[in-house]
Amino acid sequence: MTTRSALRQMLALLEGERQALAALDIDRINNCSNDKMDLCARLDEVRPEDLDEECLGLLDAVRRLNTINRRLRNLIATNVQSRIDAMAGAGATYQGAN
């Protein structure tokens, strides 16, 4: 697999992950995570100086979509935390003891 095709595949996985996060499709989120880890292992071998302009553009797109997905995961986690706190009648469920 070339670097270019690995980056394109990563971009497709991140798009699928974004859709899975929006749908709260746990199985698909898990599958995307596993596939991303496999691709990351392949991309770990790539040296920055070996990237051409197209690969750099794909890398930028991957970076931006990964940031979007991370923010979406954080929003979902915050929403879940708020619901747990509301059910428990607490301001913050996971605060440490003082």
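Keep in mind the model is a prediction, meaning the values are calculated, not measured.

Basis of the calculations
Residues numbered from 1 in each chain as written. Predicted model: local features only at pLDDT ≥ 70, side-chain atom pairs only at ≥ 80, totals over all residues. Heavy atoms only, no water. Core = buried A, V, L, I, M, F, W, Y, C linked by side-chain atoms within 4.5 Å. Buried < 20%, exposed > 50% of the residue type's maximum accessible area, 1.4 Å probe, protein only. Helix = DSSP H or I, 4+ residues; strand = E, 2+ residues; numbered from the N terminus. Contact = heavy atoms within 4.5 Å. Disulfide = S-S within 2.5 Å. 1 Å grid on protein atoms, 1.4 Å probe; cavity = no way out; pocket = protein on both sides within 12 Å on 5 of 7 lines; lining within 4 Å. Points joined across faces, edges and corners; volume = space filled by probe spheres on them. Expected span 1.5 Å × (residues − 1). Polar contact = N/O pair within 3.5 Å; in protein donor to acceptor, adjacent residues only side chain to side chain.

1. Observations concerning the nonpolar core
Stage number 1. Counting 12 residues, the largest nonpolar core is built from Ala6, Leu7, Met10, Leu13, Leu14, Leu39, Leu43, Leu51, Cys55, Leu58, Val62 and Leu65.
Stage number 2. Elements represented by at least two residues in this core include exactly α1 (3-23), α2 (26-43) and α3 (53-88).
Stage number 3. Setting aside chain neighbours within four positions, we find Leu39 in contact with Met1, Ala6, Gln9, Met10 and Leu13.

2. A few points about the state of the cysteines
Stage number 1. A full pass over the atoms with the stated rule returns zero disulfides.
Stage number 2. Between Cys32, a free cysteine, and Cys40, which holds the nearest cysteine sulfur, the sulfur-to-sulfur gap is 13 Å.
Stage number 3. Its relative accessible area of 7% is what places Cys32 among the buried residues.

3. Description of the layout of surface pockets
Stage number 1. Here the largest pocket is characterised by a volume of approximately 320 Å³.
Stage number 2. For the largest pocket, the lining is made up of 16 residues, of which Met10, Cys40, Leu43, Leu59 and Val62 are closest to its centre.
Stage number 3. Residue assignment for the lining of the largest pocket shows that the elements contributing at least two residues are α1, α2 and α3.
Stage number 4. When residues in the lining of the largest pocket are grouped by element, the largest group, five residues, is from α2.

4. Overview of α3
Stage number 1. Its 36 residues place the ends of α3 52 Å apart at the C-alpha level, agreeing with the 52 Å of an ideal helix rising 1.5 Å per residue.
Stage number 2. Considered for burial, the residues of α3 that qualify are Cys55, Leu58, Ala61, Val62, Leu65, Asn69 and Asp85.
Stage number 3. For α3, the secondary structure elements touched by its buried residues are α1.
Stage number 4. If you check the start of α3, you find a side-chain oxygen 3.2 Å away from the backbone N of Glu54, and it comes from Asp52.
Stage number 5. Gly89 lies just past α3 and shows a positive phi near 70°.

5. Side note on α1
Stage number 1. Taking 1.5 Å of rise per residue, 21 residues should cover 30 Å, and α1 covers 30 Å from first to last C-alpha, within 8% of that figure.
Stage number 2. Elements in contact with the buried residues of α1: α2 and α3.
Stage number 3. Positive phi appears at Leu24, one or two residues downstream of α1, with a value of about 55°.

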